[in-house]
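# Structure at a glance
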Amino acid sequence: MILTQCAVCATELGLTLGKKCGRCSTRYCGPECQVQHWKEGGHDKLCKPIKKAGGAEQYCANKNYAEAVAVAVEKCADDTKGQTCFICTQALHWKTKEGLVRMCACRGTAGFAHVSCLAEQAKILFAEAEENNLGVEVKNKRWDRWQTCSLCEQDYYGVVRCALGWACWKTYVGRPETDQVRGMAMTELGNGLSEANHHEDATSVYEAELAMKRRLGASEDHMLGVQNNVANMYAHLGQREKAASLMRDVYSGRLRLSGEESSNTLIAACNYASSLVNLQRFEETRSLLRKTMPVARRVLGELHEVTIKMLWIHADTLYQDPAATLDDLREAVITLENETRTARRVFGGANPLVVGFEKTLRNARNVLRARETQ
Ligand SMILES: [Zn+2]
Ligand SMILES: [Zn+2]
Ligand SMILES: [Zn+2]
Ligand SMILES: [Zn+2]
């Protein structure tokens, strides 16, 4: 986690409040906690190593990164047996001795890598773009290396994405708050934590980012991006009403700011639809999708994650709705069968999106079977 609390009593401090240790920048709610930490909390011994690592936030990022890599390697162990890294061509990393990972859409012997090698590559590519002042588009494309596989061009998922999130945050945490890249790294960390189902941790990262952006007077575009992430976390944490109301705000903000064809607007529409289905507001969901699904198909294409998700949500509204007719149910099952096949082809069978599809398809088939035998 990033450090938003007193190191002793966990009082919430955001990113700026509290009293800092003059040497290592560990933060406390006040002098009492600081004294206690030094005398009884072991800070007398840790202060020096923390300072040496670059301060409390960097120390914490390094530690969490190492743990996240270990988790990712362990989780991928069966898949990576006997393979080598496509970047350094070794099985074990020469310096860190870490093992390999792979959680993208690569198949066969392609795509195995060390998290360290992926991170090093992303760092170098982005630094080069910054140094040479290459345009925003090139910079964004290179930034994608923190989350997207360069071989299959699909996003990393699960614990590998989480390790990359920590890698990214650890790389840029030392930059000043006003540097946009620091905020981007925070987003990567939040996304990674969320991918590994650490939704509470992800929420506090996004919320800290939101507070920071608000304080710095960030553009509405940037604010909407973080609000969208916060709303997603509320949905994951079961706070459905809160999620839907924030999603609605983000969607209407995007619509006003960027128009109906912007990919950000379509992502927001998809998230809003998903939050409405969670509240079983089926009619509203369908009416939103009737407007936005054709645009997603046309602008993003049939194989885009957002288009596929929208079709999935639409099928949800059909089979979950108690008012659904037998024809609705059949349509839902057919849609889900097609979309599951497409998703498996695009993302690979191990992708969580595909696993989710398969589960939904099973549910829909059960509902249909039950109704047919009635
Ligand atoms: Zn305290
Ligand atoms: Zn200290
Ligand atoms: Zn390697
Ligand atoms: Zn790949």
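Placed above this text is the structure.
These remarks concern the structure in this document. (Residues numbered from 1 in each chain as written. Chains lettered and ligands numbered in written order. Predicted model: local features only at pLDDT ≥ 70, side-chain atom pairs only at ≥ 80, totals over all residues. Heavy atoms only, no water.)

Counting its secondary structure elements, the protein contains 15 helices and two strands. At 23 Å, the protein has a C-alpha radius of gyration in line with the 21 Å of a compact globule built from 374 residues. Counting across all 374 residues of the protein, residues that qualify as buried make up 48%. Partitioning the intrachain contacts of the protein with sequence separation of at least 6 by distance along the chain shows that 56% fall at a separation of at least 24. Counting only carbon and sulfur atoms, one obtains 50% of the accessible surface of the protein, whose full area is about 18,600 Å². (Helix = DSSP H or I, 4+ residues; strand = E, 2+ residues; numbered from the N terminus. Rg over C-alpha atoms; globule rule 2.2 N^0.38 Å. Buried < 20%, exposed > 50% of the residue type's maximum accessible area, 1.4 Å probe, protein only. Contact = heavy atoms within 4.5 Å. Areas by Shrake-Rupley, 256 points an atom, 1.4 Å probe, with all protein chains shown as cover.)

C6 (SG), C9 (SG), C29 (SG) and C33 (SG) make up the full set of protein donors to the zinc ion (ligand 1), lying at 2.3 to 2.4 Å. For the zinc ion (ligand 1), the four donor atoms in the first shell make angles of 100 to 118° at the metal, a pattern classed as tetrahedral. Here the donor residues for the zinc ion (ligand 1) map to a single chain with the spacing C-x2-C-x19-C-x3-C. One end of the pair, C9, is in the segment before β1 (19–20); the other, C29, is in the loop between β2 (27–28) and α1 (31–39), and 20 residues separate them in sequence. A residue is classified by how much of its surface remains accessible, and C9, at 38% relative accessible area, is partly exposed. Its relative accessible area of 40% is what places C29 among the partly exposed residues. (Donors = N, O, S within 2.8 Å, 3.2 Å for Na, K, Ca; no water. Tetrahedral: all angles 85-135°; square planar, octahedral: opposite > 155°, others 65-115°.)

Quick look at unusual backbone geometry now. The phi torsion at K97 lies on the positive side, around 65°, for a residue other than glycine. For K97, the position within the fold is in the loop between α3 (56–80) and α4 (115–131). With relative accessibility at 54%, the residue K97 sits in the exposed group. Unlike most non-glycine residues, E153 shows phi in positive territory, near 60°. Among the secondary structure elements, E153 is positioned in the loop between α5 (136–143) and α6 (158–172).

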